[in-house]
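Fold and geometry: a report
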Amino acid sequence: MKIVKKIKIGFNNLYLFKNKKNEYLLLDTGMEIKKKKIVKKLENTVGNLRKIKVIAISHSHADHAGNLKMLINEITGVKIIAHKNCKNILETGKSVIPDGTYPFTKKISEKLKTKKNFTKNLFPKIEKNDIKKINFIDFSKNDEISLSEYGFGNIKIIETKGHSDDSISLAVFDENNNEKYLFCGDTVQNLCFKYPLIPLFCENKDELLKSWKKIILNSYDKIFSATGKAVTTQDLIKRLGKYEKNRI
């Protein structure tokens, strides 16, 4: 199992993984863009799009699920995995506007919430026939879900709520390097910085900090977010200490 490529769509990183059968798993689909552009980027890496057998959505914000409908139509038989809490959003195409966590993002969030119908159809909704094809993960009985039944035995899904109520992350064990990696969407952000940040926008900050602590307890060697470069568990520990000290 290995990271095949990091694909840039707008500000976000999409990640591709390959198994021993030369099949691929795609994490996130990015902000909605022209079909030709994203298809070309994916084909340059995997060749035939039908090699992408699984798409996992880290959460239902428009910059992560924007091209999901198009890819479902484009890749016959592709299997979709998402948190159960994102079902209504995928069905309607309407996203939640999270609160800002910093003074300037609080102002942005407040302004957006005053705009009528701002969240209406931020990305193409998933049709009823396609909704049935999505495996909506429920974490009420299990803290982690193995993807071995999908052909990716070295990958598990964990719940990392906070940035959104439907956030999940992929925990990957790299056999070649004997290391554990986490691909966490926007649960951690670092943008252009070398250190991790509490996301600029967050639906539940207390839940977010719990997710950070869960990540720290698992001691991942590298943590890959949807923005910026990878960080380490030690980076996360240092940043968490500063946040809690300042009571952000």
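The present account deals with the structure reproduced in this document. Worth saying up front: this structure is predicted, and the values here are computed from it rather than measured.

Some remarks on the pairing of strand β11 (residues 179-183)
- Pairing between strand β10 (residues 168-174) and β11: five bridges, direction antiparallel. When the sheet's bridge partners are listed, A171 is paired in β11 with L182.
- Here β10 folds back onto β11 in antiparallel fashion, the turn holding four residues, of which N178 has a positive phi close to 55°.
- Here three bridges tie β11 to strand β13 (residues 222-224), and the two strands are oriented parallel to one another. Paired with F183 across the strands is F224, a residue of β13.

Points about the environment of K106
- Residue position: K106 is located in helix α5 (residues 103-114).
- Measuring from C-alpha to C-alpha, the distance between K106 and K238 comes to 24 Å, with 132 residues separating the pair along the chain.

Observations concerning the pattern of salt bridges
- All told, the structure shown has six salt bridges when counted by the stated rule.
- The residue K69 makes a salt bridge to D130 at a minimum N-O spacing of 3.1 Å. In this pair, K69 sits in helix α3 (residues 68-74) while D130 sits in helix α6 (residues 128-131), placing the two residues 61 residues apart along the sequence.
- Among the salt bridges present, the one from K156 reaches E144, with a minimum N-O distance of 3.0 Å. On the criterion of sequence distance, the pair formed by K156 in strand β9 (residues 152-159) and E144 in strand β8 (residues 144-147) is long-range, its members being 12 residues apart.
- You can call K156 partly exposed: its relative accessible area is 34%.
- The exposure class assigned to E144 is partly exposed, which follows from its relative accessible area of 40%.
- Residues joined by salt bridges that share partners form a network here, namely K69, D130 and K133.

Things to note about the environment of E110
- Position of E110 among the secondary structure elements: in helix α5.
- Residues E110 and K5, spaced 105 residues apart in sequence, show a C-alpha to C-alpha distance of 36 Å.

Things to note about the sheet that holds β13
- Within the open sheet, the five strands sit side by side as β8-β9-β10-β11-β13. Their pairing is mixed. The sheet terminates laterally at β8 and β13, the two strands that pair on one side only. Neighbour-to-neighbour, the strand axes of this sheet turn through a mean angle of 25°, independent of strand direction.

A word on the packing of aromatic side chains
- Scanning the model with the defined rule gives six aromatic pairs in all.
- Between Y15 and F183, the ring centres sit 4.9 Å apart and the planes meet at 70°, which makes this aromatic pair edge-to-face. Taken together, the residues Y15 in strand β2 (residues 12-18) and F183 in strand β11 connect sequence positions 168 residues apart. Just as Y15 is buried, F183 falls in that class too.
- On the numbers, 4.6 Å between centres and 5° between planes, the contact of F183 with F224 is stacked. Residue F183 is found in strand β11, and its partner F224 is found in strand β13; the two are separated by 41 residues along the sequence.
- The class for F224 is buried, based on a relative accessible area of 15%.
- Three or more aromatic residues joined by ring pairs form one cluster here, namely Y15, F17, Y181, F183 and F224.

Criteria and cut-off values
Residues numbered from 1 in each chain as written. Predicted model: local features only at pLDDT ≥ 70, side-chain atom pairs only at ≥ 80, totals over all residues. Heavy atoms only, no water. Pairing = 2+ DSSP bridges. Helix = DSSP H or I, 4+ residues; strand = E, 2+ residues; numbered from the N terminus. Salt bridge = Lys/Arg side-chain N within 4 Å of Asp/Glu carboxyl O. Buried < 20%, exposed > 50% of the residue type's maximum accessible area, 1.4 Å probe, protein only. Axes fitted to C-alpha atoms, helices over the stretch in contact; angles between N-to-C directions. Phe/Tyr/Trp six-rings, centres within 6.5 Å; stacked < 30°, edge-to-face > 60°.

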